[in-house]
Structures are given as C-alpha cells and as structure tokens.
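Commentary on secondary and tertiary structure
Okay, here's what each chain looks like letter by letter:
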Amino acid sequence: MATKKLNGTVIVTYRCNARCSMCNRYKAPSKPEEEISLETIKNLPQMYFTNITGGEPFIRTDLKDIIRELYKKSDRIVISTNGFFTDRIVDLCKEFPNIGIRISIEGLEQTNNEIRGLQDGYNKGYTTLKKLREMGMKDVGFGMTVQDTNAPDLVPLYKISDEMGMEFATASLHNSFYFVEAKNIIHDRPMVAQNFENLINELLKSKSPKKWMRAYFNHGLINYIYGQKRLLPCDMSFDTFFIDPYGDVMPCNGTKDKEVMGNLNNQSWDELWNSPEAEQVRAKVRCCDRDCWMIGSVSPAMHKYIWVPGFWVVWHKLKSLFMKKPYSMFENKIVRDYRDGKVTKEELDKCSTCDMCAVINDGLSAASKEQLKSKTGEEIVDADIAQQMEKR
C-alpha cells in the first residue's frame, strides 16, 4: 500500500533581514551552525507540497542544495521570501524554473516600506517579481499580511498582481511563538473587513476557479478577524507538519508556545510521526481554540473538505449572474451583530489571540539564546549578511 503523502513546511532559518512591525522574529535568529542540515532534509517524508520559509530563506547560502534534496521528496515547492536578495532568487530560479516564489509585499510603496522596515523594500520585491516573469517563471506572486495600516492597499495591490498575471496570497495578523509576538490585533474590523469584501468581489469576477477559491479563503479571514470559530476543521499534525531550523517537528506555526512532536535530527520519520509525543500534540490540536486562518492550515482543509468551499463558490457565482457585488461581509452573523450593537469591540478583542501580558516563547535553542546576551538579533544577522557579501 502506498504511503500517504503529507503537506510540509520547512523553516530553514530564523535569521531575517526585515524589520516587520507585526513579527519580531528578526530579534530572535537561529545560529547558522544549528540550522537544519541536508542530512536531516533527507529524512523527511514524501510530500505533495512543501513550503520553504524562515526567517528569510535566501539568507542561507546552501538553499539550492536544500531544494535539490526536497525535489526528491516533494511534488511541488514554494518559497516564501521578502524578495530582497534578487540575484540569489534569480540564480536559484534558473536552476529550478518550476519552483514557486511568493514575495511578501505589504501594500503600495510607502505602506510596504513602513511595515517591513526594509530600505527600498517595495522596489526590491517588485523588481524581483518582474525579473522572474521576464524569465518565464509562472508560479510567482505577492503575499500580503492585511492589517489596519495596509488594508486600503489590498485591492490596488491585487490589481497590480492581476495585471502582471501573478498569484496573490493574503493573510492577516496572528500571534504565536513563530512570530515572537502576542500583541497583534485588528483595531478597525469593519474597515478591514470592507476591504476584504472588495477583494472577494474582485476575485469572484475573475474567470479563474483558483481565484474563486481564494475568495472563500478571504471570506474566512473576515470570520477570523472577528474572533470566530474556524470555518473548516484544523487537521494540522495529522496530514500536515512544520519542521523548524533545529529539526523539531511541529503541528504548525500558530501555537502560543512551541509544540514538539519529535526531532528529526535524532529520530527516523516513522518513529517520530508515530511516537507518544506526536499523539500528545495531536490531542492538543483537537482541543486548540486559537482558530487560526493561515494558508498553511486552511489550504489542506479546503482540499479535504472541498464541498464546503465548493458550495460557497457555486452559490456566489450564481449570485454574480444577478448582482454586481455577489458577496457582502454581512453574510457573517458576527459582522451584523457588531454593526447592530449586539456585541462590543471589547468583547471581540477578548476573542482574539492578542495577549498584552503574555510571556513570549520564541522557540530558540539554548545556543541561539546565548548569542543574544552580547548582541541584538539585528546586529547578528546584519554582520552575518555582511560576511556573506565579503566572501562573494
């Protein structure tokens, strides 16, 4: 009997050169010598999809070697990046023309640069995307984390991506050990939801079934920012996993504290996946109340429970035959209740994962924490990148 393929995310590094306002990972980098090795990559299971993320993946100078090994394991690979290292990205894509690239762009130029804290970050990312399209790369696109600051840029940025024939992925603010953050929260929910509504109607107008499914995902983001239960079950740790730079296998990146199923540096995959520790984590997942709505957990669920988004899409496409705007954010009962004064902002805030008093677990190893006693994370990563550039 054939072994079931999984959905995996490989966090190749916690080093990051961006200074994002909604993520403090740049303050808590991993040590390069501790980061996941090719030998550990070889021990991963067969996957139908693999996301490579960080930190910033392209800080790793051996990323091409990692990709070569992963293509022996995975049917499809997508790298999430801030797009800053244009030459490295272009060079990698020349060897792997079928790879997916998602560049995080958080709005139009001024908004993006303010949020991501990268000097000339918008132009860097946009230039990288243009070069990849000129090379004939097909699986490329934008990734945007929607929040109060950039919500008005949501549809304008989508239209730029659409004109360029690119993918457009969205997310919203989350809190977890992975982001080294517990205070993210949407303040003006109706305003943000209205911009999501506008995007959803744009997506439903398209001729692409993939975009129709993305419309459903964004519908779920409205539900999420209002602090409601997930629209689909979460099966993380059952058919999907994350592995961090230290070889620790986790259910996801959305938990408050790091939940470890086992370590692939010193266990085989089968031993790890079927261990008592893995079962304990799965029990926690079944009781998890964080109700995250990130593509890493939602995409597998949309495939598994396809009839739910499928029915939603059919219904709204039918409505589009008679209505200019087939979707309204007020389809969500909680949005109506807030509009009608049946629930307060304070009550909705309590439904979020925002915790102003939380002690944040950054998921670092003891050695990675030790290096932060004498230098900041920014200083460590900046020096690391400078040293890389000198060696070129």
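My aim in this report is to walk through the structure given alongside it, one point at a time. In this numbering scheme, every chain counts its residues from 1 along its sequence in written order. In keeping with the model being predicted, local features are shown solely for residues with a pLDDT of at least 70 and side-chain atom pairs are shown and tallied solely at 80 or more, while totals for entire chains, interfaces and linings include all residues. Where side-chain values are given, they derive from all heavy atoms of the structure, hydrogens and water being excluded.

We now examine the overall build of the protein chain. In terms of regular secondary structure, the protein chain is built from 16 helices and 9 strands. Between the two quantities, the radius of gyration covers C-alpha atoms and the globule rule is 2.2 Å times the number of residues to the power 0.38. Radius of gyration (C-alpha) of the protein chain: 20 Å, near the 21 Å computed for a compact globule of 392 residues. C-alpha atoms of the protein chain, sized along the principal axes, occupy 60 × 50 × 50 Å. In the protein chain, buried positions account for 57% of the 392 residues. In what follows, residue pairs with any heavy atoms lying within 4.5 Å of each other are defined as contacts. Of all intrachain contacts in the protein chain linking residues separated by at least 6 positions in sequence, the fraction that spans at least 24 positions is 73%. Of the accessible surface of the protein chain, which amounts to about 17,600 Å², a share of 54% is contributed by carbon and sulfur atoms. Comment: elements are numbered from the N terminus, with helices defined as DSSP H or I runs of at least four residues and strands as E runs of at least two. When accessible area is computed with a 1.4 Å probe and restricted to protein chains, residues below 20% of their type maximum are described as buried, those above 50% as exposed, and intermediate ones as partly exposed. Only the protein chains shown count as covering a residue, and every accessible area follows the Shrake-Rupley method with a 1.4 Å probe.

What helix H2 (residues 63–71) keeps buried is the set Leu63, Ile66, Ile67, Glu69 and Leu70. Here the buried residues of H2 occupy an arc of 165 degrees about the axis, which is enough to place them on one side. By arc we mean the arc of the directions from the helix axis to the C-beta atoms, nothing more.

Of note, Arg290 is situated in the loop between helix H10 (276–286) and helix H11 (295–304). Polar contacts, as counted here, are pairs of nitrogen or oxygen atoms within 3.5 Å of one another; within protein the pair requires one atom able to donate a hydrogen and one able to accept it, and residues that are adjacent in sequence qualify only if both atoms are side-chain atoms. Of the polar contacts made by the side chain of Arg290, one reaches the backbone oxygen of Asn175; its length is 2.6 Å. Those residues within four positions of Arg290 in sequence are excluded, and the remaining contacts are Asn175, Ser176, Gly254, Thr255, Lys256 and Thr353.

Next up on the list: the packing of aromatic side chains. Each pair of aromatic rings is reported with the distance of its centres and the angle of its planes. A pair of aromatic rings is counted whenever rings of Phe, Tyr or Trp (Trp by its six-membered ring) have centres within 6.5 Å, and the orientation is called stacked for planes under 30 degrees apart, edge-to-face for over 60 and tilted otherwise. Scanning all chains against the criterion turns up 17 aromatic pairs. Note on Phe142 and Phe168: the rings are 6.5 Å apart at their centroids and 55 degrees apart in plane angle, and the pair reads as tilted. Linking Phe142 in strand S5 (residues 140–146) with Phe168 in strand S6 (residues 167–172), this pair joins segments that are 26 residues apart in sequence. Like Phe142, the residue Phe168 is buried in the burial classification. Residues Phe217 and Trp293 carry aromatic rings whose centres are separated by 6.0 Å and whose planes lie at 20 degrees to one another, so their mutual orientation is stacked. With Phe217 in helix H8 (residues 209–225) and Trp293 in the loop between H10 and H11, this pair connects stretches of sequence that are 76 residues apart. The exposure classification of Phe217 matches that of Trp293, with both residues buried. A network of ring pairs unites the aromatic residues Tyr216, Phe217, Trp293, Trp312 and Tyr327 as a single cluster.

It is worth spelling out the sheet that holds strand S2 (residues 47–53) at this point. When DSSP finds two or more bridges between two strands, those strands count as paired. The strand order across the open sheet formed by 9 strands is S6-S5-S4-S3-S2-S1-S7-S8-S9, and the pairing between neighbours is mixed. Either end of the sheet is taken by a strand with one partner, and the two such strands are S6 and strand S9 (262–263). Sheet topology places S5 next to S6; 6 bridges connect them, and they run parallel. Across the sheet, Thr145 pairs through a bridge with Ala171, a residue of S6.

What is shown is where atoms sit, not what they do.
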